[in-house]
Amino acid sequence: MLPALAIIGGTGLTALDNLLINRRETVATPYGVPSSPLSWGTLAGRTVVFLARHGDRHSLPPHRINYRANLWALHQRGVRRIIAVAAVGGIRADMAPGVLAFPDQIIDYTWGRASTFFEDHPAPVTHIDFTEPYCATLRARLIDAARMLNLEAVCDPCTYAATQGPRLESAAEVRRLERDGCDIVGMTGMPEAALARELEMRYAACAVVANRAAGKVAGPITMAEIERNLVSGMVQTRMLLERVISTLDETEIRSS
Ligand code: HPA
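What counts as what
- Residues numbered from 1 in each chain as written.
- Predicted model: local features only at pLDDT ≥ 70, side-chain atom pairs only at ≥ 80, totals over all residues.
- Heavy atoms only, no water.
- Helix = DSSP H or I, 4+ residues; strand = E, 2+ residues; numbered from the N terminus.
- Buried < 20%, exposed > 50% of the residue type's maximum accessible area, 1.4 Å probe, protein only.
- Contact = heavy atoms within 4.5 Å.
- Areas by Shrake-Rupley, 256 points an atom, 1.4 Å probe, with all protein chains shown as cover.
- Lys, Arg positive; Asp, Glu negative; His and termini not counted.
- Charge placed at Lys NZ, Arg CZ, Asp CG, Glu CD.
- Pairing = 2+ DSSP bridges.
- Expected span 1.5 Å × (residues − 1).
- Bend = angle between axes of the 7 residues up to and from the residue.
- Near = heavy atom within 4 Å.
- Polar contact = N/O pair within 3.5 Å; in protein donor to acceptor, adjacent residues only side chain to side chain.
- Nonpolar A, V, L, I, M, F, W, Y, C, P; charged D, E, K, R; others polar.
- Patch = residues over 30% accessible without salt bridge, like charges linked within 9 Å, V, L, I, M, F, W, Y side chains within 5 Å.
- Salt bridge = Lys/Arg side-chain N within 4 Å of Asp/Glu carboxyl O.
- Phe/Tyr/Trp six-rings, centres within 6.5 Å; stacked < 30°, edge-to-face > 60°.
- Core = buried A, V, L, I, M, F, W, Y, C linked by side-chain atoms within 4.5 Å.

A. Representation of the overall build of the chain. If you tally the helices and strands in the chain, you get 6 helices and 11 strands. Reported as C-alpha extents along the three principal axes, the dimensions of the chain are approximately 50 × 45 × 35 Å. The buried share among the 256 residues of the chain stands at 52%. Put simply, 81% of the contacts in the chain that link residues at least 6 apart link residues at least 24 apart. Summing over all exposed atoms, the chain offers an accessible surface of approximately 11300 Å²; the carbon and sulfur share of this is 53%. Side-chain charges of the chain comprise 27 positive and 27 negative groups, with the mean position of each set lying 3 Å from the other.

Here is the structure:
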């Protein structure tokens, strides 16, 4: 099997309709079992692996996801490029519900998650560079595809705040994230991005804005609202993924 590009799907994207699945594979890792079996298939004629971050039935909350097992399994099966899809709240005014955004920076507010492969073994302590947390080339491909398809997308630089969840933030917490320079807020960006970097995998994210972040509009945020906005966002995401994948050639997918 050729090493492939992986898509990690989040809330609203536990399956990819346009992925023709030919094999499901449960991978054991030294870190335990991944969130879901790997679904191997073809999308736009290319080999793709899909992993449902919250499990096939969306039962794993963000802090319970075994990020290490997920990333290890993908790497072990030859994946060197990952497009992560994640629902977020919009902090910046133009991050309106339904819009797609492509973060180029991240701030980690999570705690207590197993967040590195570099522990508990005799090798010297390793500090990876994380100046640019996302792969600029893969991100540019996402942006090109979004522009080409005329999607509702905000393509300028964007900072993702990774919060612990599973609760949403308080209005004061969102004001603090905004002061810190964050434009969108989600719960799964870390340690996923850092673990991908530790394994030297190229990683970019497509964030789907599901709601205005807490305090940005009057009243509470409802799950019904989030689910409604994710439906239209995910339609755009599926089109985007198909387009991006068709523009990558196999050599590019395989190279590290
Ligand atoms: N905050 C954090 N994560 C989220 C949000 C939010 O407002 N919406 C969707 N995922």
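B. Just the pairing of strand 5 (residues 81-90), in detail. Most of strand 5 is tucked away: 9 of the 10 residues are buried. Bridge count for strand 5 against strand 11 (residues 202-212) is 10 bridges, and the pairing is parallel. Pairing of Ile-83 across the sheet is with Ala-204, part of strand 11.

C. Focus on helix 5 (residues 223-247). For helix 5, with 25 residues, the first-to-last C-alpha span of 35 Å sits near the 36 Å given by 1.5 Å per residue. Where helix 5 bends most, at Val-231, the angle is about 25 degrees.

D. View of the site of the ligand. Near the ligand the following residues occur: Ala-87, Val-88, Gly-89, Leu-168, Glu-169, Val-185, Gly-186, Met-187 and Asn-211. Note that a nitrogen atom of the ligand is positioned 3.5 Å from one of the backbone N or O atoms of Val-185. When the ligand sits alone it has 260 Å² of accessible area, and the protein chains cover 93% of it. Put simply, the parts of the chain that give the shell around the ligand at least two residues each are strand 5 and strand 10 (184-186). Considered class by class, the residues forming the shell around the ligand number 5 nonpolar, 3 polar and 1 charged.

E. Inspection of a nonpolar patch on the surface at higher detail. On the surface, Val-231, Val-235 and Met-239 cluster together to form a nonpolar patch covering roughly 270 Å² of accessible area. For Val-235, the location among the structural elements is in helix 5. Of the residues examined, Val-235 reaches a relative accessible area of 46% and is grouped as partly exposed.

F. Broad picture of the packing of aromatic side chains. One pass over the structure, following the stated rule, counts 4 aromatic pairs. Taking 5.5 Å as the distance between ring centres and 50 degrees as the angle between the ring planes, the aromatic pair formed by Trp-72 and Phe-117 counts as tilted. Here Phe-117 lies in the loop between strand 7 (105-108) and helix 2 (136-148) and Trp-72 lies in helix 1 (residues 67-76), a separation of 45 residues in the sequence. Linked through ring pairs, Tyr-31, Trp-72 and Phe-117 together constitute an aromatic cluster.

G. Molecular detail of the environment of Met-201. Position of Met-201 relative to the elements: it lies in the loop between helix 4 (189-198) and strand 11. Sequence-wise, Met-201 and Val-48 are 153 residues apart; in three dimensions their C-alpha atoms are separated by 15 Å. Setting aside anything within four residues of it in sequence, one finds Met-201 in contact with Leu-71, Leu-74, His-75, Val-79, Arg-80, Ile-82 and Ala-196.

H. Fine view of the nonpolar core. Counting 40 residues, the largest nonpolar core has Val-49, Leu-71, Leu-74, Ile-82 and Met-201 as the members making the most contacts within it. Ranked by residues supplied to this core, first place goes to helix 4 with 5 residues. In contact with Leu-74, other than residues within four places in its own chain, are Ala-6, Ile-8, Leu-38, Val-49, Leu-51, Val-79, Ile-82 and Met-201. Counting residues in each nonpolar core, the second largest holds 33 residues, with Leu-19, Phe-50, Phe-102 and Ile-245 among its members.

I. Representation of the pattern of salt bridges within the structure. The tally for this structure, following the rule as stated, stands at 10 salt bridges. Here Glu-173 ties to Arg-167 by a salt bridge, and the two come within 2.9 Å at their closest N and O atoms. Taking relative accessible area as the criterion, Arg-167 reaches 52% and is therefore assigned exposed. Put simply, Glu-178 and Lys-216 hold a salt bridge, and the shortest N to O gap is 2.8 Å.

J. Representation of the environment of His-58. Structurally, the position occupied by His-58 is in the loop between strand 4 (46-52) and helix 1. Overall, His-58 belongs to the partly exposed group, its relative accessible area being 37%. C-alpha separation for the pair His-58 and Gly-10, spaced 48 residues apart in sequence, amounts to 8.5 Å. Not counting residues up to four positions away in its chain, the partners in contact with His-58 are Thr-11 and Thr-14.

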